[in-house]
Amino acid sequence: MTDVRDKKPASGFNRRAFISGAAGAASFPLLAQAAGAAESTAAAHDPSLPVDVTLQVNGTAKSLNVDARTTLLDALREHIGLTGSKKGCDHGQCGACTVMVGGRRVLSCLTLALTVQDKQITTIEGLSQGDKLHPMQQAFIDQDAFQCGYCTPGQIVSAIACVKEGHATNDDDIREYMSGNICRCAAYPNIVAAVKQAAPAMADEPKG
Amino acid sequence: MRPITYQRATDAPSAVQALAAAASANNPLIDAAVQPLAGGTTLLDLMKLDVMRPSVLVDINPLSDAWSAVTLDGGNLKLGVLARMSDVAANPDVQRNYLVIAESLKLAASPQLRNMASLGGNVLQRTRCTYFRDVSYDNCNKRNPGSGCAAMNGFNRTHAVLGTSEQCIATYPGDFAQALIARDATVEITGKSGVRSMRFAE
């Protein structure tokens, strides 16, 4: 979705909101319409107009007004300002955008923000408790499990899911179940070590 | 990506109606202006590439309660169309009695994609042919019927050898579908004229 580059803050004045407001079309009831009304609805709604979205991100409700095409990744990065989740390929191949939605790791670049409004979303920014890092974050530091760091937020979120799914019991499983996160610096041996270090420390966490 | 209108399906009949209304013989469901959205892992990818160009997405995930069950009943395994690849691969009944299905799902894609992708979408996924995915090539019979096939004289080392035609040498990318054929599965299809069944291989 590289053509949607709305550098708009989550609230406040902006050009698009001004134009839509001035045109007298400030509200766009869209959700939960009967799908049977598809054709008439498509005609009635100008798809270029933004829609209201409320996301539960790291325990906080965030209300946005975005284009219907906006991916969860773009909503997080461009609209909410949480730039920890990274855009690598934007096609679901690299894993840099991995976040937890409803306790499951998914690719935010292939998820429309509109589709996850009823789910709890956890990003890399939601893992630490104050200054105390999540055991997996600490393990990545201790084991030097990154070089450039671009893939690291996705790696850490994915690694936590990997442990919670019960797939971190041996090296082969860790490699297999971390295979959705590509590291072009090839820090893989250290990433495996980090997952092994953090797994016992995560034993008290609820299974995801 | 082109502008879209997003809708949530509230019940199966209206979702089917909305989708069927947009499809025709010359414009089958895969090319229709109204597309169902489940996992989105193929659809959003191809929309970003401008290969698929729907103007309306009908989010069928609200139908998950009814359509994602995996049940083993009297020796028959029934897989819900919205069940996710990872859930089916981890299902004890599937692992015990239908290992080929469990393995075909477990060994595909990545953990994140398997968490997202539905079984129905998996079956309907499109070819990974580079020429199909790149709209700067005009000649692709899959995208523009009658335009030719750029892969015929292009980089086609990974393209099909068997089961090809003069028109297309693209491969089908899924493993799960092969497992369904191996187990001679029957697929139950809900259309505008009701529910019908057919052998998956057909």
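Because the structure is predicted, anything quoted here is derived from the model rather than measured.

Colleague: Where do I start with the domain arrangement of chain A in this structure?
Modeller: Taken domain by domain, chain A holds domain 1 (15-88 + 107-121) and domain 2 (135-201). Residues belonging to the side of domain 1 of chain A that touches domain 2 of chain A are distributed by class as follows: no nonpolar, three polar and one charged.

Colleague: What is the right way to look at the pairing of strand β1 (residues 51-57) of chain A in this model?
Modeller: Consecutive side chains of a regular strand alternate in pointing toward one face of the sheet and then the other. All names here are of chain A. The side-chain alternation of β1 yields one buried face, formed by Val-51, Val-53, Leu-55 and Val-57, and one unburied face, formed by Asp-52, Thr-54 and Gln-56. Judged from the seven bridges that link them, β1 and strand β2 (residues 60-66) form a sheet pairing that is antiparallel. Its bridge partner lying in β2, Leu-55 is registered against Lys-62. Turn length for the β1-β2 hairpin, with the two strands adjacent in sequence and antiparallel, is two residues, and the turn residue Asn-58 shows positive phi of about 50°.

Colleague: Before we go on, may I ask you to explain the environment of Ile-4 of chain B in this structure?
Modeller: As for its placement among the helices and strands, Ile-4 of chain B is situated in the segment before β1 (5-8). Classification of Ile-4 of chain B by C-beta neighbours within 10 Å gives buried; the count is 23. When the C-alpha atoms of Ile-4 of chain B and Glu-188 of chain B are compared, they prove to be 29 Å apart, with 184 residues separating the residues in sequence. When near neighbours in sequence (up to four residues on either side) are disregarded, Ile-4 of chain B contacts Pro-47, Ala-68 and Arg-69 of chain A together with Pro-54, Ser-55, Val-56 and Leu-57 of chain B.

Colleague: Help me understand the nonpolar core, please; the structure alone is not making it clear to me.
Modeller: Most often, soluble globular proteins have nonpolar side chains that are buried together. Of all hydrophobic cores here, the largest spans 92 residues; its most connected members are Ala-75, Ala-113, Ala-159, Cys-162 and Val-195 of chain A together with Val-58 of chain B. Tallying contributions element by element places helix α5 (residues 152-164) of chain A first for this core, with seven residues. With sequence-adjacent residues up to four places away left out, Ala-113 of chain A is seen in contact with Val-53, Leu-55, Val-66, Thr-70, Thr-71, Leu-72 and Ala-75 of chain A. Counting residues in hydrophobic clusters, the runner-up holds nine residues, among them Tyr-131, Cys-149, Cys-168 and Ala-170 of chain B.

Colleague: Quick question: what am I supposed to make of the sheet that holds strand β5 (residues 120-122) of chain A here?
Modeller: The strands making up a sheet are joined through hydrogen bonds of the backbone, oriented either antiparallel or parallel. Residue and element names in this part refer to chain A. Strand order across the open sheet formed by five strands is β2-β1-β5-β3-β4, with mixed pairing between neighbours. Looking at the sheet topology across the chains shown, the edges are occupied by β2 and β4 (104-107). Sheet twist, expressed as the average angle between the axes of neighbouring strands with direction ignored, equals 40°. Where helix α3 (residues 72-80) meets the sheet, its contacts fall on β1, β2 and β3 (98-101), and the angle it forms with β2 comes to roughly 95°.

Definitions and cut-offs
By convention here, each chain's residues receive numbers from 1 onward along its written sequence. Going through the entries in the order they are written, you letter the chains from A and number the ligands from 1. Owing to the predicted nature of the model, reporting of local features is limited to residues with pLDDT of at least 70; listing and counting of side-chain atom pairs is limited to 80 or more, with chain, interface and lining totals taken over all residues. An automatic or database domain assignment provides the domain bounds reported here. Only Asp, Glu, Lys and Arg are considered charged in this grouping, and only Ala, Val, Leu, Ile, Met, Phe, Trp, Tyr, Cys and Pro are considered nonpolar; every other residue, Gly among them, is considered polar. Buried means a residue has 20 or more other C-beta atoms within 10 Å of its own C-beta, exposed means 12 or fewer, and partly exposed covers the counts in between; C-beta atoms are placed from the backbone. Labels follow the DSSP assignment, with helices taken as runs of H or I lasting at least four residues and strands as runs of E lasting at least two, numbered in each case from the N terminus. Strand pairing is assigned whenever DSSP detects at least two bridges linking the two strands. With C-beta atoms placed from the backbone, a contact is any residue pair whose C-beta atoms sit within 7 Å. Any set of buried Ala, Val, Leu, Ile, Met, Phe, Trp, Tyr and Cys residues joined through C-beta atoms within 7 Å is what this text calls a nonpolar core. The angle between two axes is taken between their N-to-C directions and runs from 0 to 180 degrees, where each axis is a line fitted to C-alpha atoms and a helix contributes only its stretch in contact.

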